[in-house]
Amino acid sequence: MKPLGAQVRIDAAGNFRALYPAAQANASRLLVGSHLDTVPNAGAYDGMLGVVLAVALVEELQGQRLPFGIEVVGFSEEEGVRFDTPFIGSRALVGRLDEQLLGVQDARGTSVRNAIEEFGLNPEEIPQSKLENDTLGYLEFHIEQGPVLEKLNLPLAAVEAIAGQSRMEFTFFGHANHAGTTPMHLRCDAIAGAAEWISTVERVAQGVTGLVATVGKIEAKPGAANVIAAEARLTLDVRHSSDDIRTRTVKDLIHQAQGIAARRGLSVRERTLLSQEAVAMDPFLISQIEQAILKTGCKPHRMVSGAGHDAMILAEKVPAAMIFLRTPGGISHDPAESVAAEDVEMAIQCGLHLLDQLAASPEFYKRINRA
């Protein structure tokens, strides 16, 4: 982005940032971006497409300066794969990358702080990553990661809210013993208890409209084919647009795990990795996005995102909004993840209309004046 006249840097949390200046000095800025990290066996568009689209919007301006600057952001860590803690990159911008989070370790015992240092950055400079006081808002383009828009035959949608989510780790403890010599009725099998609980998670989730619950990872110790497991560790991911329903479900699943463990002669321990409240997107920006979609010749549509995004973190400090692109087959977090070129073109047109609208909007200028 340097040839476009942008000021480019990597902040202390590893976020890539490029500020395309406004028409006048000391003007406010609009953040546009997404994340750069992936999940195991990932596709090519989750996160990265939003960063590329942000760059494309600046390119399409062809040197035109707006009343506000555009800061493109590629967040370093959103998925939470390595450290079982998501949104590390965007947390730095809202001042929530604290000492406790810096001390979280990966499977090899490397802390977030160590990883930042090994990358050649200085964790002591993380406070300098925080949003500037002149930040007007945050806009994120993202693939839907689901089948809704394809079913509706729509290329784009405005996200009105992001579902809250709870991520937890459960560990069932039993007793290791020989698989061939221990009768079934004398076993304290941690995996068997965990398996019963996994089925319970699925049953509970199927009984609540709009709720999704996933056990995505399980590890057993000692992990040998001929040894009854002494320990089974699992992850739990629960999401719903209602925080009340989500938290009640989590409490129920903890109670169910304790009951299963007690009945089988096991013990169970749980810990919370993330408890993120549902987040509403900014009403003014949503309405502006709908107008921009309409100008592309498409029918506007609003929807709730079941996936977590950096936008829900940025919304703590600034107005935030998202634009979804249709995901063919609804496939995401998989190499088959894709996006149609014509939908990408439509998203760029929508983004340009949106920038024009904001530049000419009296209400948006009020935000500039307040900033």
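Our structure is the block above this text.
The structure presented is a predicted model; accordingly, all values stated were derived computationally and were not measured. (Residues numbered from 1 in each chain as written. Predicted model: local features only at pLDDT ≥ 70, side-chain atom pairs only at ≥ 80, totals over all residues. Heavy atoms only, no water.)

Enquirer: Is there a simple way to explain the overall build of the protein chain in this structure?
Expert: Scanning the protein chain for helices and strands turns up 11 helices and 16 strands. What you see for the protein chain is a C-alpha radius of gyration of 23 Å, in line with the 21 Å of a compact globule of 371 residues. With respect to the three principal axes, the spread of C-alpha positions in the protein chain is 80 × 45 × 35 Å. The 371 residues of the protein chain split such that 52% are buried. When contacts within the protein chain are restricted to residue pairs at least 6 apart in sequence, long-range pairs at least 24 apart make up 78% of them. (Helix = DSSP H or I, 4+ residues; strand = E, 2+ residues; numbered from the N terminus. Rg over C-alpha atoms; globule rule 2.2 N^0.38 Å. Buried < 20%, exposed > 50% of the residue type's maximum accessible area, 1.4 Å probe, protein only. Contact = heavy atoms within 4.5 Å.)

Enquirer: Got a minute to help me understand the pattern of salt bridges in this structure?
Expert: Oppositely charged side chains are able to pair whenever their charged atoms sit close together. By the definition in use, this model includes 20 salt bridges. For the salt bridge of R82 with D106, the shortest nitrogen-to-oxygen distance reads 2.9 Å. Of this pair, R82 sits in the loop between β4 (69–75) and α2 (88–93) while D106 sits in the loop between α3 (99–102) and α4 (112–118), placing them 24 residues apart in sequence. A residue is classified by how much of its surface remains accessible, and R82, at 43% relative accessible area, is partly exposed. The partner of R233 in a salt bridge is E219, with the nearest N and O atoms 2.7 Å apart. In this pair, R233 sits in strand β12 (residues 231–240) while E219 sits in strand β10 (residues 218–221), placing the two residues 14 residues apart along the sequence. Judged by relative accessible area, which is 30%, R233 ranks as partly exposed. E219 gets classed as partly exposed once you look at its relative accessible area, which sits at 34%. (Salt bridge = Lys/Arg side-chain N within 4 Å of Asp/Glu carboxyl O.)

Enquirer: What's the story with the packing of aromatic side chains in this structure? I'm lost.
Expert: The description of two aromatic rings rests on the distance between their centres and on the angle between their planes. Under the counting rule described, the total for this entry stands at five aromatic pairs. An angle of 80° between the planes, with centres 5.3 Å apart, marks the rings of F68 and F364 as edge-to-face. Within this pair, whereas F68 is found in the loop between α1 (48–60) and β4, its partner F364 is found in helix α11 (residues 362–370), the two being separated by 296 residues in sequence. The exposure class assigned to F68 is buried, which follows from its relative accessible area of 1%. (Phe/Tyr/Trp six-rings, centres within 6.5 Å; stacked < 30°, edge-to-face > 60°.)

Enquirer: Mind showing me how you'd approach the side chain of R17 here?
Expert: When you line up the elements, R17 lands in strand β2 (residues 16–20). Polar contacts involving the side chain of R17 include one to the side chain of D11, which spans 3.1 Å. Reaching out from R17, the side chain makes a polar contact with the backbone oxygen of S129 at a distance of 2.7 Å. Ignoring any residue separated from it by four or fewer positions in sequence, one finds R17 in contact with Q7, V8, R9, D11, E71, V72, V73, L93, S129 and K130. (Polar contact = N/O pair within 3.5 Å; in protein donor to acceptor, adjacent residues only side chain to side chain.)

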